[in-house]
Amino acid sequence: MNDLDVVIVGAGPTGLALGVDLARRGVDALVVEKADRLFPGSRGKGIQPRTMEVLEDLGVLDAILTAGGRYPVGMIWQDGERVGEHRMFDADEVKEAAGDSAFTEPWMVPQWRTQEILFARLRELGGRVEFGREVAGLDQDEDGVTLHFASGPGLRARYAVAADGGRSAVRRALGIGMTGGGGAPARPNAKAGEVDPNPVLVSDVRITGLDRDNWHVFPPSGDGDGYMAICPLAGTEDFQLVAQFPEGTDVDLSLDGIRKVAAARSHLAPQDITEVRWASDFRPRAALADHFRSGRVFLAGDAAHVHSPAGGQGLNTSIQDAYNLGWKLGAVLRNGTDTALLDTYEEERRPIAAQMLDISTGVHRGEVKRGAATVQLGLGYRQSPLTEDTRAATGPVRAGDRAPDGTVGDVRLFDAFRGPHWTLLAVGSEAPRADVPTVCVPSHEAYGTGVFLIRPDGYVGWAGRTAEGLPDYAARYGIRVG
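First things first, this report covers the structure right here in the doc. In this text the structure is predicted, and so the values were computed from the model without any measurement. (Residues numbered from 1 in each chain as written. Predicted model: local features only at pLDDT ≥ 70, side-chain atom pairs only at ≥ 80, totals over all residues. Heavy atoms only, no water.)

**With respect to empty space enclosed by the protein**
And then number 1: Within this structure, the stated rule accounts for two cavities of 30 Å³ or more.
And then number 2: The volume enclosed by the largest cavity comes to roughly 140 Å³.
And then number 3: What lines the largest cavity is Arg50, Glu53, Val54, Glu56, Asp57, Tyr323, Phe414, Phe417, Arg418, Pro456, Asp457 and Gly458.
And then number 4: Each residue belonging to the lining of the largest cavity can be placed in one class, and the counts come to five nonpolar, one polar and six charged.
And then number 5: Quantified by volume, the second largest cavity comes out at close to 30 Å³.
And then number 6: Along its surface, the second largest cavity is lined by Arg50, Val54, Gln320, Tyr323, Asn324, Arg349, Tyr381, Asp457 and Tyr459.
And then number 7: Taken together, the elements giving at least two residues each to the lining of the second largest cavity come down to α2 (49-57) and α8 (314-335).
And then number 8: For the lining of the second largest cavity, the element with the highest residue contribution is α8, accounting for three residues.
And then number 9: Broken down by class, the residue content of the lining of the second largest cavity amounts to four nonpolar, two polar and three charged. (1 Å grid on protein atoms, 1.4 Å probe; cavity = no way out; pocket = protein on both sides within 12 Å on 5 of 7 lines; lining within 4 Å. Points joined across faces, edges and corners; volume = space filled by probe spheres on them. Nonpolar A, V, L, I, M, F, W, Y, C, P; charged D, E, K, R; others polar. Helix = DSSP H or I, 4+ residues; strand = E, 2+ residues; numbered from the N terminus.)

Okay, structure coming up:
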């Protein structure tokens, strides 16, 4: 058995993002994946502004921008005629909510492309993925975790991370339950976590006869069938076709089955669907793991929280799980930080996941608008044990908040923050000596005046009018100040 720092189970966006973050921190991590290749579908295609900031920090922004594009305007069809437009979100509201962020709208990238980009970045950093490795069980002790596989040798690591999806084998092996989340039940006597009893088809298809300038929406006809929507997938020749069915329907995922659905619900002829590249069906649900940690094993992504795809919160929350956990594992494994730091992963991320589940379900049911609630820039950790604010009167930004971006003179703050390190920021105040990158700017409206220690994941850890008290806080993380 190999002795590793971390084994990550699952090569989806969560596992790959965590692998990238650990690799750049010099952590010996291995990603293992049950399938024999990366996931081939478009499923999670919306990347929110906050996640764009994370991907910029991980070094994949240019590739993500090249691979994707803006969300197209929805075009509503009825009886073969265009009858109106539908906008997926209020662009002005999203731009206002984005504030200082360089990213003022969601960006569309098919999930398979996001994974390819993260996979390439992981390999560039020397990271590895082993495919065809199905977890069959695990054991853990006070020193580490042993993973057993359906075939091939086991693996031994100091820590393990379950990023293996909503049906996580690791979560089940740990005996961690999932509690229904996302607001009130869809109906009386609904199953736990049920958001909508109606099954949904999602598929990546090639189509002739539809323009790529619009997201084509076909409302229910009134004969019992649900909606259908066909979206051009930015950066590809494919469309994503989504169709809802009455409860109890067995969804046909074949080319003929999808052709019949498209022809019945639109003006398209069956032969206009020329190819099905990937297809799946699901029933929208919401569930939250009872715990995000068991001993030396952590849950992240869909293994920890399952969302309705409405509002594009699942993939984004998942990548941000990885971003939160990555720096903490790196601090413990490479910098000798107290292992108590790892307790804060569940303390910080589980409440966020619960909040995002409520939003996802609310969007699905039409109770919440896509916009300020879905860009994820306002999320933070003010109640975290890692958060300390010594100011009697705080400015707009408080400890625990996402550290704002902005350019002052020739200094862009996010350029200074980028990388696997803490950053000391002094705004209109004298900066103490510290062994981390230090930035001094004369003013910044969002911060007010003071001294701020920015966490490696871009949130304000400590804030003070002066540096008084900062050395004790910083010392917990191996940072010398003064």
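Additional details are given in the paragraphs that follow.
**Remarks on the pattern of salt bridges**
If the charged atoms of two oppositely charged side chains come close together, the side chains can form a pair.
And then number 1: Summed over all chains, the structure comprises 35 salt bridges.
And then number 2: Two residues, Arg50 and Glu53, come together in a salt bridge whose shortest N-O distance is 2.6 Å. Residue Arg50 and its partner Glu53 are both found in helix α2; the two are separated by three residues, about one turn of the helix. An identical accessibility class is assigned to Arg50 and Glu53; each is buried. (Salt bridge = Lys/Arg side-chain N within 4 Å of Asp/Glu carboxyl O. Buried < 20%, exposed > 50% of the residue type's maximum accessible area, 1.4 Å probe, protein only.)

**Examining α8**
And then number 1: The first and last C-alpha atoms of α8 sit 31 Å apart over 22 residues, in line with the 32 Å expected at 1.5 Å per residue.
And then number 2: Buried residues dominate α8, accounting for 20 of its 22 residues.
And then number 3: Positive phi shows up at Gly336, right after α8, with a value of about 75°. (Expected span 1.5 Å × (residues − 1).)

None of this, on its own, says anything about what the molecule does.
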